[in-house]
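# Descriptive structure summary
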Protein chains: 2
Amino acid sequence: MLNGRTPSVKDVAAAAGVSLGTVSNVMNRPEVVSARTRERVERAMAELGFVRNESARQLRAGTSRTLAYVMLDGTNPFFHDVAQGIEFAAEDADLSLFICNSNSRAEREEAHLDRLLQQRVQGILITPVNPEAPYLDDLARRGVPLVIVDRRRDDGACCSVAVDDVHGGRVAIEHLVEQGHRRVGFIGGPESIGQVRERLQGAREVWEELGLPADDLVYLPTEAMTVAEGRSAGERLAGLPARRRPTAAFCANDLLALGLLQQVIGAGLRVPDDLAIVGFDDIEFAAAAAVPLTSVRQPRQELGRAAAQLVLDEATNPHHEHQQLFFTPELVARASTIAPRPRSR
Amino acid sequence: MLNGRTPSVKDVAAAAGVSLGTVSNVMNRPEVVSARTRERVERAMAELGFVRNESARQLRAGTSRTLAYVMLDGTNPFFHDVAQGIEFAAEDADLSLFICNSNSRAEREEAHLDRLLQQRVQGILITPVNPEAPYLDDLARRGVPLVIVDRRRDDGACCSVAVDDVHGGRVAIEHLVEQGHRRVGFIGGPESIGQVRERLQGAREVWEELGLPADDLVYLPTEAMTVAEGRSAGERLAGLPARRRPTAAFCANDLLALGLLQQVIGAGLRVPDDLAIVGFDDIEFAAAAAVPLTSVRQPRQELGRAAAQLVLDEATNPHHEHQQLFFTPELVARASTIAPRPRSR
DNA sequence: GGGCGCAGTTGAAATGTTTCATTAACGTAG
DNA sequence: CTACGTTAATGAAACATTTCAACTGCGCCC
């Protein structure tokens, strides 16, 4: 069957008694080769266990069959849902998807990008540590199809797909005010993250429009967007003097919200009676929390799918123009802000 | 700077006024080329924005610089932790990691493997839908370094890294019995998953050894290991006649446990007083649940790291012998089984 | 001053594909 | 019978790298 190294087209050609051009035709344009020879070649391939060498194909054809997604934080399920959306689009286009994880470290990100460039991937999707990083411009200038996911670039240096975070901040606060809250905490950070700024901005806008005193929208900064930071924000919140302590919290993502939820429940507060909580992203675990979490839903898979389509357009359409796609997030109200109808009485 | 296509070694050589063999030497054996020319070449590379073409390198050198992990279920954070462990090991070995997701569908898995074979990846790590699938044997026979992660192969066809699931089942039940429970439900399925069988087996072994009546260890089968199935198991559990209703549940993974937890809390039961819950895997969200979840911890990252080391050994060491690595899981007790010291009185 | 060793550089071969111009075979129309 | 068209198969070139044997100076020793 196989005697050492893996068989090449040449071996198949010899075994089938045809030229190696014909073998290639069987793989790439089966219609031009007669049924008889095609069958003979296919049998030879099966017998030898031939597997096409993708490097050689790519080298000659000049085109790779993979996309890549560089995700920001592997511990946040949100990004995996985005990746799943990309994967579906890639599958439809018969491409492989290379998933990398920068773990929020710029130097890992750059190392990944370097590798991807060497692989000559067909396009790169990325949720960058910093959307303005100069090496992203290098990529764009090089002509590598590039789409920024879940972040924005305001100059049109490349495509991006994101969500209207200002709007997301607005609907969260509108909902809380509707529920009667007049003192609300905003939990998120660091402020270097554009989304944190924009979600906060949306919150403040609507707060002001409703004529509520600015001081009653309390900003509780965090150092990261993790469960652990959510918990520690909970402690700080509990430590606030009563007259400043909010009756509701709006968290910049669900991880923070879940951490907060756990901490305050552990401290004996009731949710939502003592503290209502709104998250952001609507990851799967949000609905599955013990007090199901009200959250601002991002169309996570859609985000990935749309990004993949943009990158494919850039890769294949010579008249491609960079676009900034915007999705509008919507609030999903659950028990963490809406008290259940009392069980009896 | 660049005039159309990306520059090749030849362009660099021309720009630096050396032969292309020298350029290659600068990249691969800098010590053999004089400092003066090396510097000249490096300058030329920078000016042209040269990036080595990995396909060509791989074609000629015959060796790829990537590992691949085919994960079973992208919605389960457990596998991402495993992947993270692999990633660290790959980073140490200066390799890239290609992450694929089969979503528990055998045909996707096979398609991924086919692609990876074409890419001639240096080794494949996989948590397979079915560890006995014939195409896995094909891989092994082909000589592709292959490690099965978090599943077992009893014949020594390839390496595997797993956890002692029988033991995991034992410690979970021992803990519950210690806490005074005498009627316990086991939630998990489908039984085609080896781990489900073994965790249940461990549970039954210890149950019998303690002389408890077999009928009081109730098996509640599920169709999958997801949050949704956990919730539905919770409904079935609530519907059980009181004399058969367990006072504790041991779930085959944390996703099930989280779903169950949410459902029973929503139904007004108290955890652990009315129902104690033990999960398996100890994913990050287990500790962050509103009632922090007691769970059987698998060394998730360690699993990945060890698997990566095995695959690298197989790839590089001619005297490699297949090994079956076993980790021993340990119980992490939290509030879902241990009632907190009463707050007052 | 001829031979030798050494450091540095070169040029060609090789890797496994794809592509494309060319050839071969075989009818069929004139 | 020739010329032509069609269909099928061929062979060589090209892709970007790495490797390695061969070459070139050059200083040194006898």
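Conventions adopted
- Residues numbered from 1 in each chain as written.
- Chains lettered and ligands numbered in written order.
- Predicted model: local features only at pLDDT ≥ 70, side-chain atom pairs only at ≥ 80, totals over all residues.
- Heavy atoms only, no water.
- Helix = DSSP H or I, 4+ residues; strand = E, 2+ residues; numbered from the N terminus.
- Rg over C-alpha atoms; globule rule 2.2 N^0.38 Å.
- Buried < 20%, exposed > 50% of the residue type's maximum accessible area, 1.4 Å probe, protein only.
- Contact = heavy atoms within 4.5 Å.
- Areas by Shrake-Rupley, 256 points an atom, 1.4 Å probe, with all protein chains shown as cover.
- Lys, Arg positive; Asp, Glu negative; His and termini not counted.
- Charge placed at Lys NZ, Arg CZ, Asp CG, Glu CD.
- Near = heavy atom within 4 Å.
- Polar contact = N/O pair within 3.5 Å; in protein donor to acceptor, adjacent residues only side chain to side chain.
- Nonpolar A, V, L, I, M, F, W, Y, C, P; charged D, E, K, R; others polar.
- Least-squares fit on C-alpha atoms with pLDDT ≥ 70 in both.
- Salt bridge = Lys/Arg side-chain N within 4 Å of Asp/Glu carboxyl O.
- Core = buried A, V, L, I, M, F, W, Y, C linked by side-chain atoms within 4.5 Å.
- Right-handed = clockwise from strand over helix to strand, strands pointing away.
- Pairing = 2+ DSSP bridges.
- Axes fitted to C-alpha atoms, helices over the stretch in contact; angles between N-to-C directions.
- UniProt positions renumbered as here; feature names shortened; annotations may be inferred.
- Phe/Tyr/Trp six-rings, centres within 6.5 Å; stacked < 30°, edge-to-face > 60°.
- Buried area = accessible area lost by both parts, 1.4 Å probe.
- Parallel < 35°, antiparallel > 145°, perpendicular 65-115°, else oblique.
- Left-handed = near helix turned anticlockwise from the far one by under 90°.

Going by the annotation in an unreviewed UniProt entry, the name recorded for chain A is LacI family DNA-binding transcriptional regulator, with Paractinoplanes globisporus given as the source organism.

With that settled, the discussion passes to the overall build of chain A. The secondary structure content of chain A amounts to 13 helices and 12 strands. Relative to the compact-globule value of 20 Å for 345 residues, chain A shows a C-alpha radius of gyration of 26 Å, a clear excess of over 25%. In terms of principal-axis extent, the alpha carbons of chain A reach across some 90 × 50 × 30 Å. Within chain A, the proportion of its 345 residues that are buried is 54%. A sequence separation of at least 24 residues applies to 69% of the contacts in chain A between residues at least 6 apart. Summing over all exposed atoms, chain A offers an accessible surface of approximately 15100 Å²; the carbon and sulfur share of this is 48%. Taken as two groups, the 39 positive and 47 negative side-chain charges of chain A have centres that lie 5 Å from each other.

Take the protein's contact with DNA strand C next. Lining the immediate environment of DNA strand C, one finds 25 residues, of which Val9(A), Ser19(B), Thr22(B), Thr37(B) and Arg60(B) sit closest. A distance of 3.2 Å is found between a phosphate oxygen of DNA strand C and a side-chain nitrogen or oxygen belonging to Asn28(A). Taking Arg60(B), its side chain carries an N or O atom lying 2.9 Å from a base nitrogen of DNA strand C. Elements represented by at least two residues in the surface near DNA strand C include exactly helix 2 (20–28) and helix 4 (54–61) of chain A together with helix 2 (20–28) and helix 4 (54–61) of chain B. Among the elements that take part in the surface near DNA strand C, helix 2 of chain A stands out by supplying five residues, more than any other. For the surface near DNA strand C, the class distribution of residues is nine nonpolar, 11 polar and five charged.

Taken together, 25 residues are adjacent to DNA strand D, and Ser19(A), Thr22(A), Thr37(A), Arg60(A) and Val9(B) come closest. Within 4 Å of the protein, the atoms of DNA strand D are drawn from sugar and phosphate moieties in a proportion of 71%. At 2.8 Å from a phosphate oxygen of DNA strand D is found a side-chain nitrogen or oxygen belonging to Thr37(A). Measuring from a phosphate oxygen of DNA strand D, one finds a backbone N or O atom of Val9(B) at 2.6 Å. Elements supplying a minimum of two residues to the surface near DNA strand D: helix 2 and helix 4 of chain A together with helix 2 and helix 4 of chain B. Across the surface near DNA strand D, the residue classes tally to nine nonpolar, 11 polar and five charged.

Once turned by 180 degrees and shifted 0.0 Å along the axis, chain A lies on chain B with an RMSD of 0.1 Å. Taken together, the rotation angle and the small translation identify this as a two-fold axis. Residues of chain A ranked by C-alpha distance from the rotation axis are headed by Ser55(A), positioned 2.3 Å from it. A shared binding surface is used by both copies, with 100% of the interface residues of chain A retained as interface residues in chain B.

Residue and element names in this part refer to chain A. Within the secondary structure layout, Asp73 lies in the loop between strand 1 (66–71) and helix 5 (77–92). Buried charge without a partner: Asp73 forms no salt bridge, and the closest opposite charge is Arg151, 8.8 Å away. Within the structure, Asp73 has its side chain in polar contact with the side chain of Thr75 (distance 2.7 Å). Asp73 has contacts with Phe79, Asn101 and Ser104, leaving out every residue within four places of it along the chain.

The next thing to look at is the nonpolar core. Grouped together as the largest cluster of nonpolar side chains are 147 residues, with contacts concentrated most on Tyr69(A), Ile277(A), Tyr69(B) and Ile277(B). If near-sequence neighbours (up to four positions away) are discounted, Tyr69(A) is found in contact with Phe79(A), Val82(A), Ala83(A), Ile86(A), Leu97(A), Phe98(A), Ile99(A), Cys100(A), Leu125(A), Ile126(A), Thr127(A) and Val149(A). Judged by nonpolar contacts, the second largest core, of 38 residues, contains Ile126(A), Ala68(B), Cys100(B) and Cys158(B).

Residue and element names in this part refer to chain B. Summarising burial for strand 9 (residues 276–281): six of the six residues are buried, a large majority. One crossover worth recording links strand 8 (residues 248–251) to the parallel strand 9 by way of helix 11 (residues 254–266), and it is right-handed. Pairing analysis gives four bridges linking strand 9 to strand 10 (residues 294–297), with the strands arranged parallel. Bridging across to strand 10, Val278 finds its partner in Thr294.

Time to look at the sheet that holds strand 1 (residues 66–71) of chain B. Residues and elements named next belong to chain B. The strand order across the open sheet formed by six strands is 2-1-3-4-5-11, and the pairing between neighbours is parallel. Looking at the sheet topology across the chains shown, the edges are occupied by strand 2 (96–101) and strand 11 (324–327). Each neighbouring strand pair of the sheet contributes to a mean axis angle of 15 degrees, computed without reference to strand direction. Judged from the six bridges that link them, strand 1 and strand 2 form a sheet pairing that is parallel. Note on strand 2: the bridge partner recorded for Val70 is Cys100.

Right, let's get into the environment of Arg43(A). Here Arg43(A) is to be found in helix 3 (residues 35–48). Arg43(A) sits in the partly exposed class, given a relative accessible area of 46%.

Okay, the UniProt feature "domain: HTH lacI-type" (unreviewed entry) in chain A next. What UniProt calls "domain: HTH lacI-type" (unreviewed entry) maps, in this numbering, to residues 7–61 of chain A. Between the end C-alpha atoms of residues 7–61 of chain A there is a gap of 20 Å, over a span that is 71% helix and 0% strand.

We now examine the packing of aromatic side chains. If you walk through the whole model with that rule in mind, you get 10 aromatic pairs over all chains. When the ring of Phe98(A) is compared with that of Phe98(B), the centres are 4.2 Å apart and the planes differ by 50 degrees; the resulting orientation is tilted. With Phe98(A) in strand 2 (residues 96–101) and Phe98(B) in strand 2, this pair bridges two chains. The exposure classification of Phe98(A) matches that of Phe98(B), with both residues buried. Arranged with centres 5.8 Å apart and planes meeting at 50 degrees, the rings of Phe186(A) and Tyr219(A) form a pair that is tilted. Of this pair, Phe186(A) sits in strand 6 (residues 184–188) while Tyr219(A) sits in strand 7 (residues 217–221), placing them 33 residues apart in sequence.

With 52 residues of chain A at the interface, the matching set in chain B holds 52 residues. In terms of surface lost to chain B, no three residues of chain A exceed Arg115(A), Arg120(A) and Phe285(A), which account for 13% of the buried area on that side. Our enumeration of links across chain A and chain B arrives at seven salt bridges. The partner of Arg108(B) in a salt bridge is Glu91(A), with the nearest N and O atoms 3.4 Å apart. Going through the elements one at a time, helix 4, helix 5, strand 2, helix 6 (106–119), helix 10 (227–239), helix 11 (254–266) and helix 12 (284–288) of chain A are the ones with two or more residues in the side of chain A that touches chain B. For the side of chain A that touches chain B, the element with the most residues is helix 6 of chain A, which contributes six residues.

At a minimum axis distance of 8 Å, the contact between helix 4 of chain A and helix 4 of chain B shows a crossing angle of 135 degrees. Relative to helix 4 of chain B, the element helix 4 of chain A is oriented oblique. Between helix 4 of chain A and helix 4 of chain B lies a crossing of left-handed hand. Within the contact between the two elements, helix 4 of chain A uses Ser55(A), Ala56(A), Gln58(A) and Leu59(A) and helix 4 of chain B uses Ser55(B), Ala56(B), Gln58(B) and Leu59(B).

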